[in-house]
Amino acid sequence: MPPVSPELISPRSARVSAARRLAKRNFRGKDRLFLAEGPQAVREGAGHRGADGSATLVELFATVEAAERYPDIVGQARDAGARVHLASEEVIAEISTTVTPQGLVGVCRFLDTPFEEILAARPRLVAVLAHVRDPGNAGTVLRCADAAGAEAVILTDASVDLYNPKAVRASVGSHFHLPVAVGVPVERAVAGLKEAGVRILAADGAGDRDLDEELDKGTMGGPTAWVFGNEAWGLPEETRALADAVVRVPIHGRAESLNLATAAAVCLYASARAQRASGGCRSVTES
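In this report, the structure presented in the accompanying data block is examined. (Residues numbered from 1 in each chain as written. Predicted model: local features only at pLDDT ≥ 70, side-chain atom pairs only at ≥ 80, totals over all residues. Heavy atoms only, no water.)

Attention now moves to the nonpolar core. Counting residues in hydrophobic clusters, the biggest one holds 58 residues, and the most contacted among them are Phe 34, Val 153, Trp 226, Phe 228 and Leu 268. Here this core gets seven residues from one element, more than from any other, and that element is helix H13 (residues 260-276). Excluding residues that lie within four positions of it along the chain, Phe 34 makes contacts with Leu 22, Arg 28, Gly 106, Val 107, Cys 108, Arg 109, Phe 110, Leu 111, Tyr 163, Val 168 and Phe 176. Listed in part, the 23 residues of the second largest apolar core include Ile 118, Val 126, Leu 193 and Val 227. (Core = buried A, V, L, I, M, F, W, Y, C linked by side-chain atoms within 4.5 Å. Buried < 20%, exposed > 50% of the residue type's maximum accessible area, 1.4 Å probe, protein only. Helix = DSSP H or I, 4+ residues; strand = E, 2+ residues; numbered from the N terminus. Contact = heavy atoms within 4.5 Å.)

Shown next as structure tokens:
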């Protein structure tokens, strides 16, 4: 059987140019499309459908080697109705935003969910990214929220673009797993969640409440939204003032602090544990 050759070999073709421009935020917003790179993200995109039933993955660029290595993903993309292009490595390198592309780049429709729909679903665990500017951190927090069983993530209008390629890579497919609202002013986010019966906890290293103590009191079993701030300067005072409590993650060793993603994982899993424990999550020393 003769070797298969790529059909798309020119980095200057119209299809490649249209995909490449999605690396820039203004074009993503105009087209309402974003790039998903690598087998995990493309697989999740191929299996996802929007609320109207339309396929999320609309186009797939794959090297011959990647197509042979991941025939299930290519087949799933075709089944979803996506246009599949066997492309040269030069074409993939032109579209990809990574130094070492993995041979698969998908073009996906935007996924964001209206904030009102999230409130109507009465979520029990929500992550609110209030002033997060680093796309890698945003994607990692989204992944942590997904792993902890959160029902939604909200990115305020002061946070980074959800569809930044670095954020998409850092989420490792979690973009496709849970509802995300974008561009919501923090005041509106907090007010809406409170009206929906959700307790608002601001995560801040200078908080007057200790996470361990809150767990021991058994007060964290109800619907909760964690508000996370900027990587460098945390949450501004006016945002902390909106919360029902400002909670710090205790530092038991000599570390100066935790980075944003680590602190978010600790907080979200603390709430997940408390919500799953009968009668709250109390210290084992109590009797």
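This part covers the pairing of strand E8 (residues 199-203). The element E8 is extensively covered by neighbouring structure, given that four of its five residues are classed as buried. Of the pairings in the sheet, the one linking E8 to strand E10 (residues 224-228) comprises four bridges and is parallel in character. Paired with Leu 201 across the strands is Trp 226, a residue of E10. As defined by bridge partners, E8 adjoins strand E11 (residues 245-248) across three bridges and the pair is classed as parallel. Across the sheet, residue Ala 202 finds its bridge partner in E11, namely Val 246. (Pairing = 2+ DSSP bridges.)

Looking at helix H3 (residues 39-46), one finds that the buried residues are Pro 39, Ala 41, Val 42, Gly 45 and Ala 46. For H3, the angular spread of the buried residues around the axis is 165 degrees, confining them to a single face. Buried-residue contacts for H3 involve strand E1 (33-37), strand E2 (57-62), helix H5 (71-79) and strand E4 (104-109). (Arc of directions from axis to C-beta.)

This paragraph deals with the environment of Ala 23. Among the structural elements, Ala 23 can be located in the loop between helix H1 (14-20) and helix H2 (25-31). Among the residues examined, Ala 23 registers a relative accessible area of 34% and is labelled partly exposed. Between the C-alpha atom of Ala 23 and that of Ala 127, which follows or precedes it by 104 residues, the distance is 26 Å. Apart from residues lying up to four places away in sequence, Ala 23 is in contact with Arg 28, Leu 35, Thr 97 and Pro 165.

Here the focus is the pattern of salt bridges. Applying the stated criterion across every chain, the model contains 16 salt bridges. Here Asp 72 and Arg 43 are joined by a salt bridge, their closest N and O atoms 3.7 Å apart. Here Arg 43 lies in helix H3 and Asp 72 lies in helix H5, a separation of 29 residues in the sequence. Accessibility expressed as a relative area gives 46% for Asp 72, which makes it partly exposed. Assessed through its relative accessible area of 29%, Arg 43 is described here as partly exposed. We note a salt bridge from Lys 217 to Glu 214, for which the minimum N-O separation is 3.7 Å. On the criterion of helical spacing, the pair formed by Lys 217 and Glu 214 is a turn pair, its members being three residues apart in helix H11 (residues 211-217). Of the residues examined, Lys 217 reaches a relative accessible area of 45% and is grouped as partly exposed. Relative accessible area serves as the criterion here: at 2%, Glu 214 is assigned to the buried category. Salt bridges sharing partners connect three or more residues here, namely Arg 199, Arg 209, Glu 214 and Lys 217. (Salt bridge = Lys/Arg side-chain N within 4 Å of Asp/Glu carboxyl O.)

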